[in-house]
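# Descriptive analysis of the structure
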Amino acid sequence: MSASGAERVVIVGASLAGLRTAEALRRAGFAGRLTLIGDEPYEPYDRPPLSKSVLSGWLGTDRLLLPRTRDLHARWLLGVPATGLDLEAKHVRLADGRAVGFDRVVLATGASARPWPEPFQGALHGVHVLRGRDDADRLRAHLAELAGTGARLLVIGGGFTGSEVASSGRDMGLSVTVTQRGSAPLAGALGGFVGSVIGERQRAHGVDLRLRTTVHSLVDDGSGRLRGARLCDGELLDARVAVVAMGSVRATGWLRGSGLVADERGVSCDAACRALGADGIVVGGVYAVGDVARWRHPGFDADPVSFEHWGNALAQAETVAHNIMSDDVRQNDALPAFWSDQFGMNIKAVGMPGIADQVVLTQGSFEHGPFVAAYGLAGVTIGAVAVNSPRVLDGYAAMITERAPFPPAVNAADGPDCPVAGEAGIPRPATEPAGPAAASPLTAPAIVREGQP
C-alpha cells in the first residue's frame, strides 16, 4: 500500500514507460495489486531497433524483449486495448467489455504512426508505417523482396524514423528517395542548419533527398499495388515500397469524454506527471508517462511538449512511482536526451535544440568527421548535438543545466579558432512549407559573430 492508501494501481500501456513505472513502484515498496494493460499481444519490447537493426536484418523482432529488473507479481492484460476511462467509477474499460478498477491509474499508451491521409492510397500493397514490431516485420519482408530488383524505396518524411529507414534501405543496397517538406531532414529536432549538414551526409551515402517536396498522391498499378508517387512538382516517381514517416499521433482517443485534457499532442500534465483537467487543475490519482505525456519542462522557457525519448520514459517512471508512494510531490527535471544511428553516424543530443534561435560549431568540422554544435536561446545555452562524439556531451549537459551563456566557452582542442554562431533554423509552422531552397550546409545563413547583437 502507498502512503496515500492506494491498493490498486493500473498502468495502461505495456511498453517501456509502463514497464519501468511498474518496476519503480515495486522498488519503492508498493505491495498492492498491479495491473498492466497493453493493446499489443507482446510483452514489453525495445522499439528503437525497429527502424535500424531489424530492418537491416541483423536482429529479429523476437529478440527485442526488454529486460526485467525484478519480478513484478503483476496481472498482465495484453492484446486488449483500453477503450475508456471513468474517473468517477475509477475503472478502465477494455475492448472486450471488461472493466478494471483502480485507486491510481498511470497513462502510458504512447503514440501511433501518423497514417497516410487518404485511406485507399494508404492501404495499397507496398505502403507502410513503422511503429510496432508487426509493422517492422511486414516492412522488413517487403524490403527483402526489393533487394536486387532495382526497385525504389520511397520514404515520405525526413525525421528520425524516416532517416533511419532510409539508412537501412541503403544498407540493403536499395535505391532510396526521401521527400522532406521542409528545408532539411531532422530540422524539427535539430534545426535547418545542422539538418542540412546531416542531409549532405545522407546524400553522400546515395540517398536521393528531395527537399521542400511533398507527395501529392500515392499511385496504384490497377491491382491494388503501389506503382509510385505523384510529387508536388508533377513528377511521377516510380516506387514499389513507400514508408509514411510523417510523425506520430499520441494514443489518446480512448480518453475521449474522460474529463482529461488530451488530444493528438498528448495528455496534458504537470512536471510531476499528474494529469490535468479542463480547468488546468490536477486530477487526483491520474498520472501520465512517456510519449503520451505532454508537459512543460521546468528547466526551459518552452511550451508544453511530448518527449519521445527513451530517457524521458525512465525518468518519468521514477517520478510517478515516487509521487504515488509518497506525500512529497516530486517534479521530473531530468535533462532531455535522445540519439539516432544512421548512415554511419551516431547522433546524440541533450537539452532542447528544437526551441533554439542560434547554433554554433564548438568541436570538429561540419565538412567531415565528428562534430559538436551547441544551441542557444536568447543568449542562454539550451542544447547540444554530437555526431560520432557522444562522450563529450556530459560537459555540455552541465552547461545547459547551469544556463551557461551562449555561445558557450568550450575552448576544446578540436574547436574552431573563432566560433561563429548562425540561425538554428528551427521550422515554424507559418514559414516552413514555402520559400527558396535551403542554404548550403557549409555556409552559415545570417551569420552573427560572438558578442554581436
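What counts and how
Starting from 1, residues in each chain are numbered consecutively following that chain's sequence as written. For a predicted model such as this one, the threshold for reporting local features is a pLDDT of at least 70, and the threshold for listing and counting side-chain atom pairs is 80 or more; totals across whole chains, interfaces and linings nevertheless cover every residue. Hydrogens and waters are ignored; side-chain quantities use all the structure's heavy atoms. Numbering goes from the N terminus for both helices and strands, where a helix is a DSSP run of H or I of at least four residues and a strand is a run of E of at least two. A radius of gyration in this sense is built from C-alpha atoms; the matching globule rule multiplies 2.2 Å by the number of residues raised to 0.38. Working definition: with a 1.4 Å probe on protein chains only, accessible area under 20% of the residue-type maximum means buried, over 50% means exposed, and in between means partly exposed. Here a strand pair is declared whenever DSSP counts at least two bridges between the two strands. Axes here refer to lines fitted to C-alpha atoms; in helices the fit is confined to the stretch in contact. Angles between the N-to-C directions go from 0 to 180 degrees. When the near helix sits turned anticlockwise from the far one by under a right angle, the crossing is termed left-handed; a clockwise turn instead gives a right-handed crossing. Residue contacts are counted whenever heavy atoms from the two residues lie within 4.5 Å of one another. Note that Gly is not counted as nonpolar here; it falls among the polar residues with everything else outside the nonpolar set of Ala, Val, Leu, Ile, Met, Phe, Trp, Tyr, Cys and Pro and the charged set of Asp, Glu, Lys and Arg. Every residue gets a pLDDT, meaning the predictor's confidence in that residue, from 0 to 100. Between Lys or Arg on one side and Asp or Glu on the other, a salt bridge is scored when a side-chain nitrogen of the former is within 4 Å of a carboxyl oxygen of the latter. To qualify as a nonpolar core, a set must consist of buried Ala, Val, Leu, Ile, Met, Phe, Trp, Tyr and Cys residues joined through side-chain atoms within 4.5 Å. Here a pair means two rings of Phe, Tyr or Trp (six-membered ring of Trp) with centres within 6.5 Å. Their orientation is stacked below 30 degrees between planes, edge-to-face above 60, and tilted elsewhere. Charge-over-ring contacts are defined here by two conditions on Lys NZ or Arg CZ: a distance within 6 Å of the ring centre and an angle within 35 degrees of the ring normal.

### Quick notes on the overall build of the protein chain
- Scanning the protein chain from N- to C-terminus turns up seven helices and 29 strands.
- Relative to the 2.2 N^0.38 estimate, which gives 22 Å for 453 residues, the radius of gyration of the protein chain is 23 Å and therefore close to what a compact globule would have.
- For the protein chain, the spread of C-alpha atoms along the three principal axes comes to 60 × 60 × 40 Å.
- The buried share of the protein chain, taken over its 453 residues, is 52%.

### Points about the pairing of strand β2 (residues 33–38)
- Counting buried residues in β2 gives five out of six residues, a clear majority hidden from the surface.
- Of the strand pairs in this sheet, strand β1 (residues 8–12) and β2 are connected by five bridges, and their pairing is parallel. Within the sheet, the bridge partner assigned to Val9 lies in β2 and is Leu34.
- Bridge count between β2 and strand β3 (residues 75–78): four bridges; the pairing is parallel. Within the sheet, the bridge partner assigned to Ile37 lies in β3 and is Leu77.

### Focus on the packing of helix α1 (residues 16–27) against helix α6 (residues 310–325)
- Relative orientation of the contacting elements α1 and α6 amounts to 40°, with a least axis distance of 8 Å. With respect to the hand of their crossing, α1 and α6 are arranged in right-handed fashion. In this structure, α1 contributes Leu16, Ala17, Arg20, Thr21, Ala24, Leu25 and Arg27 to the contact, and α6 contributes Trp310, Ala313, Leu314, Ala317, Glu318, Val320, Ala321, Ile324 and Met325.
- Of the residues contributing to the contact of α1 with α6, the split by class is 12 nonpolar, one polar and three charged.

### Quick notes on the confidence of the model for the protein chain
- Per-residue pLDDT for the protein chain has a mean of 92; in total, 94% of the residues score no lower than 70.
- Confidence over residues 430–453 falls short of pLDDT 50; this stretch has 40 contacts with residues more than four positions distant or in other chains.

### Re the pattern of salt bridges
- In the structure shown here, the tally under the stated rule is 18 salt bridges.
- Between Arg210 and Asp208 there is a salt bridge, with its nearest N and O atoms 3.0 Å apart.
- For the salt bridge of Arg274 with Asp270, the shortest nitrogen-to-oxygen distance reads 2.8 Å.
- Relative accessible area serves as the criterion here: at 26%, Arg274 is assigned to the partly exposed category.
- By sharing partners, the salt bridges in this structure join Arg131, Arg250, Asp291 and Glu308 into a single network.

### Observations concerning the nonpolar core
- Judged by nonpolar contacts, the single largest core of 92 residues is most densely connected at Val92 and Leu107.
- Top contributing element to this core by residue count: strand β27 (residues 380–387), with six residues.
- Residues contacting Val92, with those up to four places away along its chain left out, are Val10, Val12, Ile37, Ala82, Gly84, Leu85, Arg98, Ala99, Val100, Phe102, Val105 and Trp254.
- One finds Ile11, Ala17, Leu19 and Leu72 within the second-largest nonpolar core, a separate group that totals 23 residues.

### Comments concerning the environment of Val197
- Within the fold, Val197 resides in helix α5 (residues 187–204).
- Using a relative accessible area of 2% as the deciding quantity, one classes Val197 as buried.
- With 170 residues separating them along the chain, Val197 and Glu367 place their C-alpha atoms 7.8 Å apart.

### Re the packing of aromatic side chains
- The tally for this structure, following the rule as stated, stands at five aromatic pairs.
- Through pairs of rings, three or more aromatic residues link up here, namely Phe193, Phe366 and Phe371.
- Taking NZ or CZ as reference, Arg133 lies 3.9 Å from the ring centre of Tyr42, over its face.

### Side note on the environment of Cys273
- Within the secondary structure, Cys273 is located in the loop between β19 (266–268) and β20 (274–276).
- On the basis of relative accessibility, which here comes to 0%, the residue Cys273 falls in the buried class.
- Placed 52 residues apart in sequence, Cys273 and Asp221 show a C-alpha to C-alpha distance of 49 Å.
- Residues contacting Cys273, with those up to four places away along its chain left out, are Val286, Tyr287, Ala288, Gln316, Thr319 and Val320.

### Description of the side chain of Asn312
- Mapping Asn312 onto the fold places it in helix α6.
- Asn312 gets classed as buried once you look at its relative accessible area, which sits at 8%.
- Setting aside its immediate chain neighbours within four residues, Asn312 contacts Gly290, Trp295, Phe307 and Asn332.

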